[in-house]
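Chain by chain, the residues run as shown.
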Amino acid sequence: GRIDALEGEADRIKRRVRNHLPPAILMVVDMTLFLSYTRHQDNILDAAQEALTWLGMGDPDVPPDVLDLFAEYLARVKKTVRRLKPALADTITLLLDGGLDRAMVKRRFHEVRLRHQKAQRVRRDLLASLFATTGDFRDIYRLLRFLECLEHMSHEAEACADTLRAMIAR
């Protein structure tokens, strides 16, 4: 319920921002890129909401080795998403103040991309382990759907970083 409330509030904020944007000629960045960035951020929260929905359907019986890989994958996805805040803050500072080194800001985007790639490697191992288990189909399916949601979150975080990079390229 809490994540639903947060997601609903995020959607309201996104709509309010979009409805009150200045004309495109007054914006520091391209309006299309800005709207794309907000959509990617919203997609991260939507995927988190979907992941919690799949987790809330019951306690799956998961082998311990798969559970460890899930914990590692979840930690890597979390690190990927958490790298967005410093990347966004540095992008804003660079665009508005010009006080930061452009190469340092680009490294922030690269960090997000590297975290996403590391998460993808763990995801491949996790998928192989899941398909090798002989557990109940419902449990495996639920975990696969949860895994898809996490992958979507990581992928959208990388898309956010790519959009931020496009913003400073103009």
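Just so you know, these numbers come straight off a predicted model, no measurement behind them. (Residues numbered from 1 in each chain as written. Predicted model: local features only at pLDDT ≥ 70, side-chain atom pairs only at ≥ 80, totals over all residues. Heavy atoms only, no water.)

## What to know about the overall build of the chain
Okay, step 1: When you go through the chain residue by residue, the secondary structure sums to 6 helices and 0 strands.
Okay, step 2: What you see in the chain, going N to C, is helices and strands ordered as α-α-α-α-α-α.
Okay, step 3: With the C-alpha coordinates aligned to their principal axes, the bounding extent of the chain is approximately 60 × 35 × 20 Å.
Okay, step 4: Buried residues in the chain amount to 37% of all 170 residues.
Okay, step 5: Considering only residue pairs separated by 6 or more positions, the chain has 80% of its internal contacts joining residues 24 or more positions apart. (Helix = DSSP H or I, 4+ residues; strand = E, 2+ residues; numbered from the N terminus. Buried < 20%, exposed > 50% of the residue type's maximum accessible area, 1.4 Å probe, protein only. Contact = heavy atoms within 4.5 Å.)

## Thoughts on a nonpolar patch on the surface
Okay, step 1: Together, Val28, Ile92 and Leu96 line one region of the surface with nonpolar side chains, adding up to about 290 Å² of accessible area.
Okay, step 2: Locating Ile92 in the fold gives a position in helix H4 (residues 84-96).
Okay, step 3: For Ile92, a relative accessible area of 41% translates into the label partly exposed. (Patch = residues over 30% accessible without salt bridge, like charges linked within 9 Å, V, L, I, M, F, W, Y side chains within 5 Å. Areas by Shrake-Rupley, 256 points an atom, 1.4 Å probe, with all protein chains shown as cover. Salt bridge = Lys/Arg side-chain N within 4 Å of Asp/Glu carboxyl O.)

## Some words on the confidence of the model for the chain
Okay, step 1: Mean pLDDT over the chain stands at 89; residues scoring 70 or higher make up 98%.
Okay, step 2: Confidence, read as mean pLDDT per element, is least for helix H1 (residues 2-19) in the chain (85) and greatest for helix H5 (residues 102-132) (94). (pLDDT = per-residue confidence, 0-100.)

## Thoughts on the nonpolar core
Okay, step 1: Grouped together as the largest cluster of nonpolar side chains are 38 residues, with contacts concentrated most on Phe70, Tyr73, Phe109, Leu126, Leu130 and Met153.
Okay, step 2: Take this core: its biggest share by element is 14 residues, from helix H6 (residues 137-169).
Okay, step 3: Excluding its chain neighbours within four sequence positions, the residues that come into contact with Met153 are Ile44, Ala47, Ala48, Val77 and Val81. (Core = buried A, V, L, I, M, F, W, Y, C linked by side-chain atoms within 4.5 Å.)

## Re the packing of aromatic side chains
Okay, step 1: Counted according to the given criterion, the structure contains 3 aromatic pairs.
Okay, step 2: Summarising the aromatic geometry, the rings of Phe70 and Phe146 are spaced 5.9 Å apart at their centres and angled 35° between planes, so their arrangement reads as tilted. Of the two residues, Phe70 sits in helix H3 (residues 64-82) while Phe146 sits in helix H6, which places them 76 residues apart along the sequence. The pair Phe70 / Phe146 is uniform in exposure class, with both members buried.
Okay, step 3: Through pairs of rings, three or more aromatic residues link up here, namely Trp54, Phe137 and Tyr141. (Phe/Tyr/Trp six-rings, centres within 6.5 Å; stacked < 30°, edge-to-face > 60°.)

## Details of H3
Residue pairs three or four apart in sequence face the same way in an α-helix, which turns once every 3.6 residues.
Okay, step 1: The end-to-end C-alpha distance of H3, which contains 19 residues, comes to 27 Å, matching closely the 27 Å that a straight helix rising 1.5 Å per residue would cover.
Okay, step 2: Of all the positions in H3, only Val66, Leu69, Phe70, Tyr73, Val77 and Thr80 are classed as buried. Projected down its long axis, H3 shows its buried positions confined to an angular sector of 105°, all on one face. Across H3 from its buried face, at more than 90 degrees, point the exposed residues Pro64, Asp68 and Arg82.
Okay, step 3: Looking at the buried positions of H3, the neighbouring elements they touch are H4, H5 and H6. (Expected span 1.5 Å × (residues − 1). Arc of directions from axis to C-beta.)

## Considering the side chain of Thr80
Okay, step 1: Counting through the fold element by element, Thr80 comes out in helix H3.
Okay, step 2: Overall, Thr80 belongs to the buried group, its relative accessible area being 0%.
Okay, step 3: A distance of 2.9 Å separates a polar atom in the side chain of Thr80 from the backbone oxygen of Arg76.
Okay, step 4: Apart from residues no more than four positions distant in its own chain, Thr80 is found in contact with Val112, Arg115, His116, Ala119, Ser154 and Ala157. (Polar contact = N/O pair within 3.5 Å; in protein donor to acceptor, adjacent residues only side chain to side chain.)

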